[in-house]
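One letter stands for each residue in the lines below.
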Amino acid sequence: MDQAWRDELAEFLRIPSVSAEPAHADDVRRAGEWVCDFVRAAGGGAELASFGEGYLALGELRASSGAADAPTVLVYGHFDVQPPAPLELWESDPFELAMRDGWAYGRGIADDKGQLYLLLKAAAELAREDALPLNVRVACDGEEEVGGHTIVDFLAADDEPADACVIFDFGFLRPGLPAFCVATRGTVALEVVVTASERDLHSGLYGGAALNAIHVLVDALAALFPRDGRLPEPLRQGIHPPTEEELAGWRELPPGGEELAGQGARPLDARAAEEFYLRTWAEPSLDVNGILGGKPGLRNTTISARASAELSIRLAPGQDVDTTGAAAERMLRDALPEGAELEVRYHGIPAGLIRPDEPAVQLGLDAFERALGVRPLLIRSGGSLPIVPALAARGTPTILTGFSLPESNIHSPNERLPVEHFPLGVAAARELFGALAKL
């Protein structure tokens, strides 16, 4: 990393833009202004806008020639960061760029300031060289770490053109193996309350004759549980299966058994290790996140009148929040005994799907292969990322990739990015902009 890059990145990282802490609200704003200043310094226009509950850095660098007819690419990233605590585990100041043993350290260097810098730097270099082949719109937000709804609301209201979106907020699967993420799972969060009687009852007087809300709740939840690694069919409607190109890439990944063992986890069933990537990336899953009933921590011989649970369903790409939430509610009600009452509330985030055969994705894969000497694998994410379905809803194909590594300590002390990934990332972004100019 040359000294100019190092100085710019250090200045950006030095701003403690921790969105989860109200005391740093002004720092979040300053980080957004830094992005705007960077775009202006490269010859573009930019402004920091207050949008909903957060800030958006909005700007544009116009193509060096023929801008009116050139494609437009939207660049997204976020300039807010996670809190650095526990500070005692950091080996250097979390808000000062540090270099040691081939790594660059600092809070946000991998998630996502450092990666956003790669995209901005590539566009700025091309603009200064009078060689920017397309229009680059910038829309970066300051509340991704506390919800990510600002950019979603903006995209829903925005009617400016975007032939593709590029996001560097992802990573290599291992050193030397880049990846493009082409799908994210959605989420349905459910709150369930069972009422089985008017009040708690003495189990010695009524046990064996009166409904127990905890028993009712547990029986009802069991109706939703997977069998042989698959959720019941009503909870699997709409699944978009992976392509053969995706499956071929997944076979190059570490065995699922190793992934589970590395986390100290035990397989759900005999086929869980073999189907690890299919189940965590392309199938829905359900987990009970908490149950409350009776008087936890006390030995109490009471029949509970009321019990509640919180559960989440991870939606596979192609599935719908309301369809799946309504199906879960029907199954719970069908499992209730006569006399029990049920309340269900749910909300969710849609799954996101990027078609691998989109011209933008294929051009991106070719560009990365030229820049890095290896073609990225097409993978999916088991987590949820609100911007991906929001972009899909407006018909904007997305390249979601990045230059972190599994050991980059994202959200942890000593967050880091390989020093060699900075010139690689800028080179790949430059090549990517050139490729997307063909759209």
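As a reminder, the structure under discussion sits directly above these lines.
About the cut-offs
Residue positions are counted from 1 within each chain, in the order its sequence is given. Per-residue local features of the predicted model are confined to residues with pLDDT of at least 70, and side-chain atom pairs are confined, for both listing and counting, to 80 or more; whole-chain, interface and lining totals are unaffected and use all residues. The side-chain values count all of the structure's non-hydrogen atoms but skip hydrogen atoms and water molecules. Each patch is assembled from residues with relative accessible area greater than 30% and no salt bridge, linking like charges that lie within 9 Å and nonpolar side chains (Val, Leu, Ile, Met, Phe, Trp, Tyr) that lie within 5 Å. Per-residue and other accessible areas were derived by the Shrake-Rupley procedure at a 1.4 Å probe size, with only the shown protein chains allowed to occlude residues. Here, a salt bridge means any Lys or Arg side-chain nitrogen found within 4 Å of an Asp or Glu carboxyl oxygen. Put simply, DSSP H or I for four residues or longer makes a helix, DSSP E for two residues or longer makes a strand, and each gets a number counted from the N terminus. Grid spacing is 1 Å over the protein atoms alone, the probe is 1.4 Å, and a cavity is where that probe fits but cannot get out, while a pocket is an open set with protein on both sides within 12 Å along at least five of seven lines and lining residues have an atom within 4 Å of a point. Grid points are joined across faces, edges and corners, and a volume is the space filled by probe spheres set on the points. Residue polarity follows a fixed list, in which Ala, Val, Leu, Ile, Met, Phe, Trp, Tyr, Cys and Pro are nonpolar, Asp, Glu, Lys and Arg are charged, and the others, Gly among them, are polar. Should DSSP find at least two bridges between two strands, the strands are taken to pair. Working convention: axes come from line fits to C-alpha atoms, limited for helices to the stretch in contact. Angles between N-to-C directions cover 0 to 180 degrees. In what follows, residue pairs with any heavy atoms lying within 4.5 Å of each other are defined as contacts.

1. Quick notes on a nonpolar patch on the surface
On the surface, Val218, Phe225, Val288 and Ile291 cluster together into a nonpolar patch covering about 290 Å² of accessible area. Examined against the element boundaries, Val288 turns out to sit in strand S11 (residues 285-293).

2. Some thoughts on empty space enclosed by the protein
Within this structure, the stated rule accounts for one cavity of 30 Å³ or more. A volume near 40 Å³ is recorded for the largest cavity. Along the walls of the largest cavity sit Phe38, Val39, Ala42, Leu61, Leu120, Ala123, Ala124, Val136 and Val138, which together make up its complete lining. Ranked by residue count, the leading element in the lining of the largest cavity is helix H3 (residues 113-128), at three residues. Taken together, the residues of the lining of the largest cavity sort by class into nine nonpolar, no polar and no charged.

3. Remarks on the sheet that holds strand S9 (residues 186-195)
Taken in spatial order, the four strands make up an open sheet running S11-S13-S9-S14, and their pairing is antiparallel. Each having just a single partner strand, S11 and strand S14 (341-349) make up the two edges of the open sheet. Within the sheet, the average angular offset between the axes of one strand and its neighbour, ignoring direction, is 15°. Pairing of S9 with S14, which is carried by nine bridges, proceeds in the antiparallel orientation. Looking at the pairing, Glu191 lines up with Arg345 of S14. Those strands touched by helix H6 (residues 213-222) are S9, S11 and strand S13 (306-315), and its axis lies near 15° from that of S13. Of the strands in this sheet, S9, S13 and S14 are in contact with helix H10 (residues 321-334), which crosses S14 at around 160°.

In short, shape yes, function no, at least from these values alone.
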